[in-house]
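Structure assessment
Here is how the chains run, residue by residue.
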Amino acid sequence: MTFSKRPYPLKNPAPLRTACQGVLLACALLAAAGNAMAQKPHQGALDAATQQKDEALKLLERLVNIDSGSADTDGLAKVREIAVEELRKLGARIETFPAEPHPGTNVVATLTGQGTKKILILAHIDTVFKEGTATAKPFYIKDGRAYGPGVMDNKGGVVAGLQALKVLQKIGFKDYGQITFLIDTNEEVGSVGTSALIERVAKQHDVALNLEPGRPADGLVVERKGSATALVEVKGVAAHAGVAPEAGRNAAMEVAHQVLQLSKTADAAKKTTVNFTMLTANGPTNVIPATASAKGDVRAATPDELDRVEKDLVRISQNKLIPETEVRVRLVRGLPPMPRSPASDKLVAMAEGIYAEIGKKLTIESSGGAADASLVAGVGIPVLDGFGIVGGGIHTPEEYAEVESVVPRVYLLSRMLMDLSAK
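Residues numbered from 1 in each chain as written. Predicted model: local features only at pLDDT ≥ 70, side-chain atom pairs only at ≥ 80, totals over all residues. Heavy atoms only, no water.

Let's talk about the nonpolar core
- Counting 70 residues, the largest nonpolar core has Leu 165, Phe 181, Leu 209, Leu 384, Phe 387, Met 416 and Leu 417 as the members making the most contacts within it.
- The residues touching Leu 165, leaving out its near neighbours within four places in the chain, are Leu 87, Leu 90, Leu 111, Ile 121, Ile 179, Phe 181 and Leu 417.
- Counting 20 residues, the second-largest nonpolar core is a separate cluster that includes Val 232, Val 274, Ala 292 and Val 329. (Core = buried A, V, L, I, M, F, W, Y, C linked by side-chain atoms within 4.5 Å. Buried < 20%, exposed > 50% of the residue type's maximum accessible area, 1.4 Å probe, protein only. Contact = heavy atoms within 4.5 Å.)

As structure tokens, this is what we get:
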């Protein structure tokens, strides 16, 4: 490139340079002001969430100190009634639905506003802990963490939902058309008695937020694998293991063979896992077993991949080790996959912008675990997961919730409800 010489060089460039610097400084200040405005919190919502912190922790303590395993009818009823009492104070219309064939009763609470958008929030009150755990290890706080059975999964989610609705009431926000809070009593065992209810209610809404725990790195969940169970049943022929083993057809050996070869239907590149976790072949050691079975945990990121696994299980199982045995393989579907989508990415962008208002940053994660959000995604409703209180040690005796995450998470959820109402 050729540059021509300036015919009349400037005698004193300082004023021009000063002017340019002034323009650049003004632009920088405007940009900073714009960023500050974009990240300015909704003060009313933040104040309300902050003022409710102690109340939220007391409510969490009440819930955690009640055992509510998926089969604990009495405990589930006690926790449900506490939640219903709080929802009635907010003016919610309460409907209940049996979770048959599982114990417990599901709750659908509805708040009606003055807008048009219909928003669904979901949480579950059952835990994986056996009866007596809450008595043996009740709620306590140590070094900024709250401990107790179900403190994060998912009683922390129930509390986050209730407190967010209280924030909206405190600031007089009613621009939503309808907010529905669905409380599930058997999510930890696959929502078998609740799936149809969740799918039916989800179809009546524009968008959904699931209140599963916030991930340890302060994360939301944008993608979940679907779940299924691989069932292998083998029928052989019994015989004396020492006198006439050749007269038998060993079902135990055949099921072992099947487990090894069927495990290869997993596909790491597609995030598909197939893990056989239960094998059964009962009987005395001196008898060739006539029957045997196996169960495997199957996870896949897309419905098509579950279809592929199902076909491959049947095809590969035809290759038998023990002649004249009968092999039957089935794939029993659980919760469907929750794939990432443009709609969920929009929800992510909204959440990130809201969290930035209070100077915080979200991590966006995928999970191999299934949840009720998967049922919502399965009927085509946009959904984002992980809006509960942040914690860790899920499903272990050391499960905990971060106390200082209560206010930011209640703020995030309440602001999401506000912004979704305006979309």
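Further notes follow.
Focus: helix 4 (residues 73-89)
- The end-to-end C-alpha separation of helix 4 is 24 Å, in line with the 24 Å expected for 17 residues at 1.5 Å each.
- For helix 4, the secondary structure elements touched by its buried residues are helix 3 (53-64), strand 1 (93-98), strand 2 (105-112), helix 6 (155-170) and strand 6 (178-184).
- The first or second residue beyond helix 4 is Gly 91, which carries a positive phi of 85°. (Helix = DSSP H or I, 4+ residues; strand = E, 2+ residues; numbered from the N terminus. Expected span 1.5 Å × (residues − 1).)

Quick word on unusual backbone geometry
- Of the consecutive residues Glu 100 and Pro 101, the connecting peptide bond is found in the cis state with omega at 10°.
- Structurally, Pro 101 can be placed in the loop between strand 1 and strand 2.
- The omega torsion of the bond from Asp 153 to Asn 154 falls at 10°, within 30 degrees of zero and hence cis.
- For Asn 154, the position within the fold is in the loop between strand 5 (145-147) and helix 6.
- Unusually for a residue other than glycine, Asp 143 sits at a positive phi of about 55°.
- Along the polypeptide, Asp 143 turns up in the loop between strand 4 (140-142) and strand 5.
- Exposure remark for Asp 143: the relative accessible area of 74% places this residue in the exposed category.

Section: the pairing of strand 6
- A large share of strand 6 lies buried, amounting to seven of its seven residues.
- A two-sided burial pattern is seen for strand 6, the buried positions comprising Gln 178, Thr 180, Leu 182 and Asp 184 on one face and Ile 179, Phe 181 and Ile 183 on the other.

Details of the packing of helix 3 against helix 4
- Close contact between helix 3 and helix 4 brings their axes to 9 Å; oriented N to C, the two are set at 155°. With respect to their mutual orientation, helix 3 and helix 4 come out roughly antiparallel. Crossing angle aside, the handedness with which helix 3 passes helix 4 is right-handed. Contact residues: helix 3 offers Leu 59, Arg 62 and Leu 63, while helix 4 offers Val 79, Ile 82, Glu 85 and Glu 86. (Axes fitted to C-alpha atoms, helices over the stretch in contact; angles between N-to-C directions. Parallel < 35°, antiparallel > 145°, perpendicular 65-115°, else oblique. Left-handed = near helix turned anticlockwise from the far one by under 90°.)

Brief notes about the side chain of Arg 415
- Among the structural elements, Arg 415 can be located in helix 12 (residues 406-422).
- For Arg 415, a relative accessible area of 8% gives the class buried.
- A polar contact is formed between the side chain of Arg 415 and the side chain of Glu 357, at a distance of 2.7 Å.
- Residue contacts for Arg 415: discarding those within four places in its chain leaves His 42, Ala 45, Ile 354 and Glu 357. (Polar contact = N/O pair within 3.5 Å; in protein donor to acceptor, adjacent residues only side chain to side chain.)

Brief notes about the sheet that holds strand 9 (residues 226-235)
- Here four strands make up an open sheet; going across it, the order is 11-13-9-14 and the pairing antiparallel. Either end of the sheet is taken by a strand with one partner, and the two such strands are strand 11 (273-280) and strand 14 (326-333). For this sheet, the mean angle separating the axes of adjacent strands, direction not counted, is 20°.
- Pairing geometry for strand 9 and strand 13 (residues 291-300), over ten bridges, is antiparallel. For Ala 228, the partnering residue across the bridge sits in strand 13 and is Val 298.
- Lying on the sheet, helix 8 (residues 251-262) is in contact with strand 9, strand 11, strand 13 and strand 14; it crosses strand 13 at an angle near 15°.
- Packing against the sheet, helix 9 (residues 303-316) makes contact with strand 9, strand 11, strand 13 and strand 14, and its axis sits at approximately 170° to strand 14. (Pairing = 2+ DSSP bridges.)

Side note on helix 8
- Spanning twelve residues, helix 8 covers 16 Å between terminal C-alpha atoms, matching the ideal 16 Å at 1.5 Å per step.
- Against strand 9, strand 11, strand 13, helix 9 and strand 14 lie the buried residues of helix 8.
- One side-chain oxygen of the residue at the start of helix 8 lies 2.9 Å from the amide nitrogen of Ala 252, identifying that residue as Asn 250.

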